[in-house]
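Survey of secondary and tertiary structure
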Amino acid sequence: MNAKKIAVYALVVFVAYVIITDPRGAADYVGIAFEGISNAASAIGDFMTWIADGAK
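A brief report on the enclosed structure follows.

Reading guide: rules and limits
- Throughout, a residue's number is its position along its own chain's written sequence, starting from 1.
- Only residues with pLDDT of 70 or above have their local features reported here, since the model is predicted, and side-chain atom pairs are shown and tallied only from 80 upward, although totals for entire chains, interfaces and linings are computed over all residues.
- Derived side-chain values reflect all non-hydrogen atoms in the structure, with water molecules and hydrogen atoms excluded from consideration.
- Between 30 and 60 degrees the pair is tilted, below 30 it is stacked and above 60 it is edge-to-face, where a pair is any two Phe, Tyr or Trp rings, Trp via its six-membered ring, whose centres lie within 6.5 Å.
- Only DSSP runs of H or I reaching four residues or more are called helices, and only runs of E reaching two or more are called strands; each is numbered from the N terminus.
- Lines fitted to C-alpha atoms define the axes, with helix axes restricted to the stretch in contact, and inter-axis angles between N-to-C directions lie between 0 and 180 degrees.
- Should an angle lie under 35 degrees it is considered roughly parallel, over 145 roughly antiparallel, and from 65 to 115 roughly perpendicular; all remaining angles are considered oblique.
- It only takes one pair of heavy atoms within 4.5 Å for two residues to be counted as in contact.
- Each residue receives one of three labels: charged for Asp, Glu, Lys and Arg, nonpolar for Ala, Val, Leu, Ile, Met, Phe, Trp, Tyr, Cys and Pro, and polar for the others, Gly being one of them.

1. Looking at the packing of aromatic side chains
For the structure shown, the criterion picks out one aromatic pair. Ring centres of F47 and W50 lie 5.9 Å apart, and the angle between their planes is 35°; on these two criteria the pair is classed as tilted. With F47 and W50 both in helix α2 (residues 23-52), this residue pair falls three residues apart, about one helical turn.

What follows is the structure in structure tokens.
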């Protein structure tokens with residue numbers, strides 16, 4: 001087994017453990033992750049708009 005497969009397996013086991021032991025906390029973590037993704041997408045959109053406007 002290579003290191004990547006072991007790391008993915010360990011991550012899946014950890015996520016399952018967190019969900020089982022603290023479902024409310026896991027929901028908070030998912031919310032935080034989606035908020036971060038949303039902020040990143042917004043920043044990329046702002047950057048692309050800035051580029052399309054001639055980088056002024």
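2. Quick look at the packing of helix α1 (residues 3-21) against α2
Contact geometry of α1 with α2 gives a least axis separation of 5 Å together with a crossing angle of 125°. By the angle between their axes, α1 is oblique relative to α2. Along the contact surface, α1 presents V18, I19, I20 and T21, while α2 presents P23, A26 and Y29. Residue classes in the contact of α1 with α2 are distributed as six nonpolar, one polar and no charged.

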